[in-house]
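So the chains spell out like this:
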Amino acid sequence: MAEEPKNPATDPDPEGKQTPQTTTQEPTTYTQAQLDSEADKRAAKALETAKAKWEAEQAKALEDAKSEGARLAKMSADEKAQELEKQRQAALDKREAELNQRELSASTKSLLVDKGLPGELADSLVALGDADKIKAAVETLGKSIQETVNKQVESKLQTDPPKNGASALDGADDPFKKIMAQYKK
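In this numbering scheme, every chain counts its residues from 1 along its sequence in written order. This being a predicted model, a pLDDT of at least 70 is required before a residue's local features are given, and a value of 80 or more before pairs of side-chain atoms are given or counted; all residues contribute to the totals for chains, interfaces and linings. Side-chain metrics in this entry use all non-hydrogen atoms of the structure; hydrogen atoms and water are not considered.

Looking only at helices and strands, one finds five helices and zero strands in the protein chain. Each helix and strand of the protein chain, ordered N terminal to C terminal, gives the series α-α-α-α-α. Three exposure classes are used, based on accessible area relative to the maximum for each residue type with a 1.4 Å probe and protein chains only: buried under 20%, partly exposed in between, and exposed over 50%. A buried classification covers 8% of the 185 residues belonging to the protein chain. We call two residues contacting when some pair of their heavy atoms lies within 4.5 Å. Within the protein chain, contacts between residues at least 6 apart in sequence are counted, and of these 25% link residues at least 24 apart. Note that accessible areas follow from Shrake-Rupley with a 1.4 Å probe, and for residues the cover is restricted to the protein chains shown. For the protein chain, the accessible area works out to roughly 16900 Å², and carbon and sulfur atoms hold 55% of it. The secondary structure listing takes helices from DSSP runs of H or I that are at least 4 residues long and strands from runs of E that are at least 2 residues long, numbered from the N terminus.

Okay, structure coming up:
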């Protein structure tokens, strides 16, 4: 029987050995039109999402307003007046709290600057909420920083004592004493 010739195109392994198949992938290139199209699709999707979110918020606000209106419609004139007064008072309280917060922040910054401390600490200290607590914290912080700086300065200025224990200019070899002795005669 004659052996059939092996066709490399139809036989995946003509020699009986397993050869790894290597395929080279060329980088994908896009035209400017394709890139623009993809960018437009993404922008349109983002706009749709933002629009849907906005519409949902508007619908919720409208529903809240309707329910508030219906609630006020069921009230008597005195109850309506009381409710409106409560809302007005709540708005005034909110504004007053905001003003107090700004005033406290400004006074804290000026206190920090007066003490020679960085003004960036003001936001952290305003969280304490009380002017007396803030002042006490600034005092403590200022003292602590001053003590730390003083200790570091002292450690930097500290020098080692002489190794031989005495100065060469203080003994009998002192050239200045010899010169002075000549003038004393």
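Turning to a nonpolar patch on the surface, a few remarks are in order. Think of a patch as exposed residues, more than 30% relative accessible area, with no salt bridge, where like charges cluster within 9 Å and nonpolar side chains (Val, Leu, Ile, Met, Phe, Trp, Tyr) cluster within 5 Å. Here a salt bridge means any side-chain nitrogen of Lys or Arg lying within 4 Å of a carboxyl oxygen belonging to Asp or Glu. On the surface, a nonpolar cluster with roughly 330 Å² of combined accessible area is contributed by Ile145, Val149, Val153 and Leu157. Among the secondary structure elements, Ile145 is positioned in helix 4 (residues 131-157).

The subject of this paragraph is the pattern of salt bridges. Under the counting rule described, the total for this entry stands at four salt bridges. Between Lys115 and Glu139 there is a salt bridge, and its shortest N-O distance comes to 3.0 Å. Of the two residues, Lys115 is situated in the loop between helix 2 (77-114) and helix 3 (122-126) and Glu139 in helix 4; the sequence distance between them amounts to 24 residues.

Fitted lines through C-alpha atoms give the axes, limited to the stretch in contact for helices. The angle between two N-to-C directions lies from 0 to 180 degrees. Contact pair helix 2 / helix 4: the axes reach a minimum separation of 11 Å and the direction vectors enclose 20 degrees. In terms of orientation, helix 2 and helix 4 fall into the roughly parallel class. The two elements helix 2 and helix 4 cross, and the hand of that crossing is right-handed. Facing helix 2, whose interface residues are Leu104, Thr108, Leu111 and Leu112, helix 4 presents Ala131, Ile134, Lys135 and Val138. Looking at the contact of helix 2 with helix 4 residue by residue, the class counts come to six nonpolar, one polar and one charged. Throughout this description, any angle smaller than 35 degrees is read as roughly parallel, any larger than 145 degrees as roughly antiparallel, any in the 65 to 115 degree range as roughly perpendicular, and the remainder as oblique. Two helices cross in a left-handed way if the nearer one is turned anticlockwise from the farther one by less than a right angle. They cross in a right-handed way if the turn is clockwise. Any residue outside Ala, Val, Leu, Ile, Met, Phe, Trp, Tyr, Cys, Pro, Asp, Glu, Lys and Arg is labelled polar, Gly included; the first ten of those are nonpolar and the last four are charged.

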